Amino acid sequence: MDDTLALVMFSGTDDKLQAAAVLTAGAAAVGRPVHMFLQYWALDAFRADRINADHGAAPEAGADGRAAMANLRSAGQASWADTLRQAKELGDVTIQACSLSMDLLKLEQSDLDPVVDGVEGVAAFMFAAGSGQIVFI
Amino acid sequence: MDDTLALVMFSGTDDKLQAAAVLTAGAAAVGRPVHMFLQYWALDAFRADRINADHGAAPEAGADGRAAMANLRSAGQASWADTLRQAKELGDVTIQACSLSMDLLKLEQSDLDPVVDGVEGVAAFMFAAGSGQIVFI
Amino acid sequence: MDDTLALVMFSGTDDKLQAAAVLTAGAAAVGRPVHMFLQYWALDAFRADRINADHGAAPEAGADGRAAMANLRSAGQASWADTLRQAKELGDVTIQACSLSMDLLKLEQSDLDPVVDGVEGVAAFMFAAGSGQIVFI
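Rules used throughout
- Residues numbered from 1 in each chain as written.
- Chains lettered and ligands numbered in written order.
- Predicted model: local features only at pLDDT ≥ 70, side-chain atom pairs only at ≥ 80, totals over all residues.
- Heavy atoms only, no water.
- Salt bridge = Lys/Arg side-chain N within 4 Å of Asp/Glu carboxyl O.
- Helix = DSSP H or I, 4+ residues; strand = E, 2+ residues; numbered from the N terminus.
- Buried < 20%, exposed > 50% of the residue type's maximum accessible area, 1.4 Å probe, protein only.
- Pairing = 2+ DSSP bridges.
- Axes fitted to C-alpha atoms, helices over the stretch in contact; angles between N-to-C directions.
- Contact = heavy atoms within 4.5 Å.
- Phe/Tyr/Trp six-rings, centres within 6.5 Å; stacked < 30°, edge-to-face > 60°.
- Buried area = accessible area lost by both parts, 1.4 Å probe.
- Polar contact = N/O pair within 3.5 Å; in protein donor to acceptor, adjacent residues only side chain to side chain.
- Nonpolar A, V, L, I, M, F, W, Y, C, P; charged D, E, K, R; others polar.

### Side note on the pattern of salt bridges
Scanning all chains against the criterion turns up 21 salt bridges over all chains. In this structure, C:Lys88 engages C:Asp117 in a salt bridge whose closest nitrogen and oxygen atoms are separated by 2.8 Å. Here the residue C:Lys88 occupies a position in helix H4 (residues 80–90), and C:Asp117 occupies one in the loop between helix H5 (99–104) and strand S4 (118–120), the gap between them amounting to 29 residues. Judged by its relative accessible area of 21%, C:Lys88 falls in the partly exposed class. In this structure, a network of salt bridges that share partners links the residues A:Asp44, A:Arg47, A:Asp49 and A:Arg50.

In structure tokens form, the structure reads like this:
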């Protein structure tokens, strides 16, 4: 059995990135390898000059939802980026940027936050995911 | 082989909730266990005082899409909540609220519709999902 | 082990459809069967009279993201529909419309682009997915 948890990250809003970070931390905590693949707007959120910015929330969050998220943040909840950094220290967590999305957004790896380990193509991602679970967020 | 179907419910619009309810009913009908984990805006949609409200649709639905959904509803199609209730009678379907999202939205279990069985953390969810399929909606 | 990759297509924006097409092509290239199931707004995007239209992007794409996608397209990048057609020639790729969503949108199979192989219910989809990976996009 392949217990790798593979996450295809598409969305770049703080609510979905937080959901992904929590799944990553939970899987790492029980000893499972996690392989995260950054595409499109999720990749954009990992730019070194934007990773700490406010990336908004899904439209359906509404004013109440955005306020609830802001409250947690001002109460000291770890950001999704910090949760991912902690998960990498705790377990076997790899974060790779999708090469096609790097081209789309005209990015070099030096444009990305160091929490990103490298750049790979979709074939390498499929190989890394193996027969484990794949989650698209 | 683990045939559990695990659903991480993030979105709270009626179109995605309906899609999830249909997958749940389909899996339950063929005897597969289903474990649903409610986060963020999906959890909000299961509040006892809102579960029967109109939760809208994804922005891309457009006016035509929303009208099509309203037509089906007025023609007597079961709501996603009713489809889930029927699936629970039919098969092994568990619906759990994510404890972190309960804190985010300042909810107690008594605020939720009785179709929700309880509250659990992400580690418990990962354990329940086992090596089965995980779908993020 | 079941190496089928099953994709539940819900969203109909060009960015998510492109992400799905790339995953499909990647899986087909390494010899894996791919089974795509079209629901809701994704199904709408496969209508014969709309498949080549501009289907927009997720709201979070913003003006910069939409411009980046338009740039790639004018530079000759294959559309998601063309990528799917190529993947079908290359490997074992099946594309089925969800019968419930066909009813929702009042469509007949003759309304759909020929890249769609047929119409099936959710039980048939679950059977086709088997114990392989399921990805909801």
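### Examining the sheet that holds strand S2 (residues 34–38) of chain B
Residues and elements named next belong to chain B. Reading across from one edge, S4-S3-S2-S1-S5 is the order of the five strands in this open sheet, with parallel pairing throughout. Two strands bound the open sheet, and with one partner strand each, they are strand S4 (118–120) and strand S5 (133–136). Within this sheet the neighbouring strands show an average axis-to-axis angle of 30°, counted without direction. Two strands pair when backbone bridges link them, and strand S1 (residues 5–9) and S5 are joined in this way by four bridges, in the parallel orientation. Its bridge partner being in S5, Val8 is matched across the sheet by Phe136. Contacting S1, S2 and strand S3 (93–98), helix H1 (residues 14–29) crosses the sheet at an angle of about 165° to S1.

### Quick word on the packing of aromatic side chains
Given two aromatic rings, one states the distance between the centres and the angle between the planes to describe the pair. Within this structure, the stated rule accounts for 15 aromatic pairs over all chains. Counting every residue linked through ring pairs, the aromatic cluster contains A:Phe10, A:Tyr40, A:Trp41 and A:Phe136.

### Here we look at the sheet that holds strand S4 (residues 118–120) of chain A
All names here are of chain A. Read across the sheet, five strands follow the order S4-S3-S2-S1-S5 without closing on themselves; strand pairing throughout is parallel. Single-partner strands in this sheet number two, and they are S4 and strand S5 (133–136). Going across the sheet, the axis of each strand differs from the next one's by a mean of 30°, ignoring polarity. As judged from the five bridges shared by strand S1 (residues 5–9) and strand S2 (residues 34–38), these two strands associate in the parallel manner.

### Side note on the interface of chain A and chain B
Counting residues at the interface gives 24 residues for chain A and 20 residues for chain B. Overall, the association of chain A and chain B removes approximately 1900 Å² of surface from exposure, summing both partners, and the carbon and sulfur fraction of that is 72%. Three residues stand out in chain A for area buried against chain B, namely A:Leu23, A:Glu60 and A:Gln133, and they jointly supply 28% of the buried area on that side. Here chain A and chain B share zero salt bridges between them. Our count for the contact surface shared by chain A and chain B stands at four residue pairs in polar contact (both at pLDDT 80 or more). Of all the secondary structure elements, the ones that give two or more residues to the side of chain A that touches chain B are helix H1 (14–29), helix H3 (62–74) and S5 of chain A. In terms of residue count, H1(A) provides more of the side of chain A that touches chain B than any other element does, eight residues in total. Grouping the amino acids of the side of chain A that touches chain B by side-chain chemistry returns 16 nonpolar, four polar and four charged.

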